[in-house]
Amino acid sequence: MTEIRECDAHGYVAGDSCPVCLADSPVVLGSDRRVRLSKFLSGALRHFPDDAGFELDDQGWTPYDELVDAAVAKYDWARSEHVAAVIATDPKGRFERDGDRVRAAYGHSVDVDLDAEATPVPDELYHGTAPENMASIREDGLQPMGRQKVHLSGSVAEARSVGSRHAADPAVLAIDAATMQADGLRVVKRGRETYTTDRVPPKYLQELDG
Ligand code: HQG
């Protein structure tokens with residue numbers, strides 16, 4: 001992740017300069033702190049709100065100010081503008097901010113119902129995983145494991161990147177999302193290039209060559 005700057009005209013932007021007007025704007029948050037704060041915020045909103053000192057409502061929302069308080073308690077350098085900048089510039093759309101409240105867009109292990117609106121879903125989606133998971137996936141399909149949902153990607157490249165969190169040479173699967181939905185299995189878009197569903201039975205999966 002690159003540093004975050006604040007452009008007078010375009011607000012928080014990630015990178016060396018504003019991608020729109022190319023202005024050289026002041027740095028709000030350096031790269032290291034951005035990564036640490038982003039991981040803490042997504043971890044707290046997805047997995048450990050109690051430990052972070054706030055509650056999620058049934059749809060996963062928490063007051064923005066309480067998230068800032070949690071960030072300040074964790075990192076003495078953290079300020080509201082840093083939290084706002086991380087949320088606004090997240091490359092994967094990990095966060096949703098709606099006025100005074102904020103939530104994680106996906107990835108939860110805590111029980112929430114994200115009430116996703118119906119957005120178009122591509123006919124084919126992808127999933128990257130460790131090769132050693134494949135025997136069990138062929139047998140049982142994709143299961144949510146430690147999370148509430150199975151997470152799918154919009155492109156092979158993104159799936160490979162997700163899989164590389166689990167193995168150096170990940171296996172990539174294509175998922176027949178069109179048939180899943182025709183069969184009544186719901187798939188929704190969450191974040192920029194992430195789709196979630198309850199599970200993917202083996203008949204909708206096809207292994208792609210590495
Ligand atoms: C595997 C990141 C054996 C599954 C990503 C995966 C994503 C099975 C692992 C989001 C299985 C779970 C989630 C079965 C599934 N047998 N293994 N039957 N079914 N698995 O981390 O999808 O950067 O919980 O293949 O981009 O890797 O954090 O899920 O390898 O969107 O925003 O069980 O997290 O987003 O691993 O990643 P994870 P994931 P962020």
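The present account deals with the structure reproduced in this document. (Residues numbered from 1 in each chain as written. Predicted model: local features only at pLDDT ≥ 70, side-chain atom pairs only at ≥ 80, totals over all residues. Heavy atoms only, no water.)

What to know about the sheet that holds strand β5 (residues 95-98)
For step 1, the next point in the chain: Sheet architecture is open: three strands sit in the order β4-β6-β5, paired in antiparallel fashion. The open sheet terminates on both sides in strands that have one partner only, identified here as β4 (62-63) and β5.
For step 2, the next point in the chain: Sheet topology places β5 next to strand β6 (residues 101-104); four bridges connect them, and they run antiparallel. When the bridges of β6 are listed, Phe95 appears paired with Ala104. (Pairing = 2+ DSSP bridges. Helix = DSSP H or I, 4+ residues; strand = E, 2+ residues; numbered from the N terminus.)

Focus on helix α4 (residues 80-89)
For step 1, the next point in the chain: Counting buried positions over the ten residues of α4 gives seven, a clear majority of the element.
For step 2, the next point in the chain: Among all positions in α4, only His82, Val83, Ala84, Ala85, Val86, Ile87 and Thr89 are buried. (Buried < 20%, exposed > 50% of the residue type's maximum accessible area, 1.4 Å probe, protein only.)

What to know about the nonpolar core
For step 1, the next point in the chain: Leu37, Leu41, Leu67 and Val83 are the most contacted members of the largest nonpolar core, which totals 26 residues.
For step 2, the next point in the chain: Setting aside its immediate chain neighbours within four residues, Leu67 contacts Leu41, Leu45, Phe54, Thr62, Val83, Ile87 and Val102.
For step 3, the next point in the chain: By size, the runner-up hydrophobic cluster in this structure holds 18 residues, among which are Ile137, Val150, Tyr195 and Val200. (Core = buried A, V, L, I, M, F, W, Y, C linked by side-chain atoms within 4.5 Å. Contact = heavy atoms within 4.5 Å.)

Looking at the site of the ligand
For step 1, the next point in the chain: Taken together, 20 residues surround the ligand, and among them Lys92, His127, Thr129, Ser136 and His166 come closest.
For step 2, the next point in the chain: Between a nitrogen atom of the ligand and a main-chain N or O atom of Gly141, the distance comes to 2.9 Å.
For step 3, the next point in the chain: Burial of the ligand by the protein chains amounts to 88% of its free accessible area of 780 Å².
For step 4, the next point in the chain: Elements supplying a minimum of two residues to the shell around the ligand: β7 (124-129) and α5 (134-140).
For step 5, the next point in the chain: Sort the elements by how many residues they give to the shell around the ligand and α5 lands first, with three residues.
For step 6, the next point in the chain: Each residue belonging to the shell around the ligand can be placed in one class, and the counts come to five nonpolar, nine polar and six charged. (Near = heavy atom within 4 Å. Polar contact = N/O pair within 3.5 Å; in protein donor to acceptor, adjacent residues only side chain to side chain. Areas by Shrake-Rupley, 256 points an atom, 1.4 Å probe, with all protein chains shown as cover. Nonpolar A, V, L, I, M, F, W, Y, C, P; charged D, E, K, R; others polar.)

A look at the packing of helix α1 (residues 31-46) against α4
For step 1, the next point in the chain: Relative orientation of the contacting elements α1 and α4 amounts to 80 degrees, with a least axis distance of 10 Å. In terms of their interaxial angle, α1 and α4 are classed as roughly perpendicular. Where α1 approaches α4, its residues Arg34, Leu37, Ser38 and Leu41 are matched on the opposing element by His82, Val83, Val86 and Thr89.
For step 2, the next point in the chain: Partitioning the contact of α1 with α4 into residue classes produces four nonpolar, three polar and one charged. (Axes fitted to C-alpha atoms, helices over the stretch in contact; angles between N-to-C directions. Parallel < 35°, antiparallel > 145°, perpendicular 65-115°, else oblique.)

Considering a negative patch on the surface
For step 1, the next point in the chain: There is a patch of like negative charges on the surface, built from Asp50, Asp51, Glu55, Asp65, Glu66, Asp69 and Asp100.
For step 2, the next point in the chain: Of all elements in the fold, only α2 (49-52) and α3 (64-74) reach the threshold of two or more residues within the negative patch.
For step 3, the next point in the chain: The element best represented in the negative patch is α3, accounting for three residues.
For step 4, the next point in the chain: Considering the arrangement of structural elements, one finds Glu66 in helix α3. (Patch = residues over 30% accessible without salt bridge, like charges linked within 9 Å, V, L, I, M, F, W, Y side chains within 5 Å. Salt bridge = Lys/Arg side-chain N within 4 Å of Asp/Glu carboxyl O. Lys, Arg positive; Asp, Glu negative; His and termini not counted. Charge placed at Lys NZ, Arg CZ, Asp CG, Glu CD.)

Thoughts on the sheet that holds strand β3 (residues 27-29)
Sheet strands pair via backbone hydrogen bonds, and the direction of the pair is either parallel or antiparallel.
For step 1, the next point in the chain: Spatially, β2-β1-β3 is the arrangement adopted by the three strands of the open sheet, whose pairing is antiparallel. Strands with a single pairing partner mark the edges of an open sheet, and in this sheet they are β2 (11-14) and β3. Averaged over all neighbouring strand pairs, the angle between strand axes comes to 40 degrees, with direction disregarded.
For step 2, the next point in the chain: Pairing analysis gives two bridges linking strand β1 (residues 4-7) to β3, with the strands arranged antiparallel.

Here we look at the pattern of salt bridges
For step 1, the next point in the chain: Going through the model one piece at a time under the given rule, you end up with nine salt bridges.
For step 2, the next point in the chain: With its nearest N and O atoms 3.0 Å apart, the salt bridge here joins Asp90 to Arg94. In this structure, Asp90 and Arg94 share a single accessibility class: buried.
For step 3, the next point in the chain: Here Arg190 ties to Glu96 by a salt bridge, and the two come within 2.8 Å at their closest N and O atoms. Residue Arg190 is located in strand β10 (residues 188-190), and its partner Glu96 is located in strand β5; the two are separated by 94 residues in the primary sequence.
For step 4, the next point in the chain: Via salt bridges that share partners, Glu3, Arg5 and Asp24 belong to a single interconnected network.

Everything listed is a geometric property; what it means functionally is a separate question.
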